[in-house]
Amino acid sequence: ALQCLTHTPPLADYMLSQEYSQTCCSPEGCKMCAMEAHVTQSLLHSHSGDVMKPSQILTSAFHKHQQEDAHEFLMFTLETMHESCLQVHRQSEPTSEDSSPIHDIFGGLWRSQIKCLHCQGTSHTFDPFLDVPLDISSAQSVNQALWDTEKSEELRGENAYYCGRCRQKMPASKTLHVHIAPKVLLLVLKRFSAFMGNKLDRKVSYPEFLALKPYLSQPTGGPLPYALYAVLVHDGATSHSGHYFCCVKAGHGKWYKMDDIKVTRCDVTSVLNENAYVLFYVQQTDLKEVSI
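Below you will find a few notes about this structure. (Residues numbered from 1 in each chain as written. Predicted model: local features only at pLDDT ≥ 70, side-chain atom pairs only at ≥ 80, totals over all residues. Heavy atoms only, no water.)

**Structural notes on the environment of aspartate 98**
What counts, and what does not: Secondary structure elements follow DSSP: runs of H or I of four or more residues count as helices, runs of E of two or more count as strands, with numbering from the N terminus.
With respect to the helices and strands, aspartate 98 occurs in the loop between α5 (70-92) and α6 (101-106). The spatial distance from the C-alpha of aspartate 98 to the C-alpha of glutamine 87 is 9.8 Å, given a sequence separation of eleven residues.

**Things to note about helix α2 (residues 9-17)**
In an α-helix, one turn spans 3.6 residues; hence positions three or four apart end up facing the same way. Worth spelling out the cut-off: Buried residues are those whose accessible area, probed at 1.4 Å on protein chains only, stays under 20% of the maximum for their type, while exposed residues exceed 50% and partly exposed ones sit between those limits.
Listed as buried for α2 are Pro9, Pro10, Leu11, Ala12, Tyr14 and Met15. At the C-terminal side of α2, glutamine 18 shows a positive phi close to 55 degrees.

**Considering unusual backbone geometry**
One non-glycine residue, glutamine 18, adopts positive backbone phi at about 55 degrees. With respect to the element layout, glutamine 18 can be found in the loop between α2 and α3 (31-45). For arginine 167, which is not glycine, the phi torsion reads 60 degrees and is therefore positive. Mapped onto the elements of the fold, arginine 167 is located in the loop between β5 (161-163) and β6 (168-170).

**Looking at the packing of aromatic side chains**
Convention followed: Stacked, edge-to-face and tilted labels apply to pairs of Phe, Tyr and Trp rings (six-membered ring for Trp) whose centres lie within 6.5 Å, assigned for plane angles under 30 degrees, over 60, and everything in between, in that order. Over a ring means this: the NZ of a Lys or the CZ of an Arg is within 6 Å of the ring centre and within 35 degrees of the ring normal.
Using the criterion set out here, one finds five aromatic pairs in the structure. Measuring from centroid to centroid gives 4.8 Å for tryptophan 147 and tyrosine 215, while their planes differ by 55 degrees, and the two rings are tilted. A residue pair is termed long-range when its members are at least 10 positions apart, and tryptophan 147 in helix α7 (residues 142-149) and tyrosine 215 in the loop between β9 (209-211) and β10 (225-235) qualify at 68 residues. We classify tyrosine 215 as buried; its relative accessible area is 3%. Ring centres of tyrosine 229 and phenylalanine 280 lie 6.0 Å apart, and the angle between their planes is 65 degrees; this geometry places the pair in the edge-to-face category. Here phenylalanine 280 lies in strand β14 (residues 276-283) and tyrosine 229 lies in strand β10, a separation of 51 residues in the sequence. In textbook terms, an aromatic cluster arises when at least three aromatic residues are bridged by ring pairs, as seen for Phe192, Tyr244 and Tyr277. Cation over ring: lysine 257 sits above phenylalanine 245, and NZ or CZ is 4.5 Å from the ring centre. Seen from the ring of tyrosine 256, arginine 265 lies directly overhead, with NZ or CZ sitting 5.8 Å from the centre.

Structure (structure tokens):
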């Protein structure tokens with residue numbers, strides 16, 4: 001998970017600027033400062049061939065000798081980094097909104113639309129997100145899973161919608177669309193059962209380049225292209241055992257398989273054949289602006 005974050009172009013660009021640590025009032029124990037030091041050491045200083053160990057600050061929530069979920073760790077790390085930013089932000093601008101570089105990079109917005117099937121009245125709600133969970137139980141590809149996310153859901157019976165215009169619970173349809181697309185898109189393939197720990201180990205194809213425009217609530221402008229730059233993989237039969245590794249696009253656009261202390265070159269064909277757990281895409285406009 002840390003390898004994938006380290007090779008996230010807009011995040012690495014921000015970390016290498018060292019803008020955050022210059023304003024942080026309490027760097028001891030700060031997740032953002034620890035990540036900044038980690039990324040700087042990874043990308044600028046670790047050419048000796050020595051193995052890098054992540055700092056205790058970054059791994060404090062990680063329990064050794066237990067099965068941990070890499071996606072859970074990833075989201076916890078992003079949220080705590082966001083909180084660190086807010087603390088610094090509130091000290092300098094007490095009335096500022098709850099925005100941070102983490103939400104600027106990874107944050108998007110869902111638009112949920114509910115339509116009353118009796119009076120045709122509609123209501124909209126907007127919810128922020130840092131990742132997009134995809135149901136892969138029947139999808140053959142990531143594109144199909146994205147389409148399935150947007151399928152209209154009927155609200156009837158106990159789940160009926162209280163319509164303000166009709167003033168009672170009425171049958172309704174609910175649709176979900178991406179309203180604001182993030183700079184970095186995290187797609188999480190739901191492989192694990194929360195109750196049993198079973199794993200869905202089926203093959204789901206995913207593209208090297210993804211156009212997000214068809215899935216937007218207001219698909220205007222250009223095609224909104226994203227490029228794959230990291231793939232996080234769980235190798236194991238269930239959530240109770242196994243091993244994580246990742247493939248990342250590093251220097252000069254070349255792919256590497258990162259498997260603990262073992263780092264090997266790989267090609268994009270083998271990357272696209274992995275049974276992915278989390279996919280990392282970056283808007284190509286951001287990819288062009290950043291050169292690490």
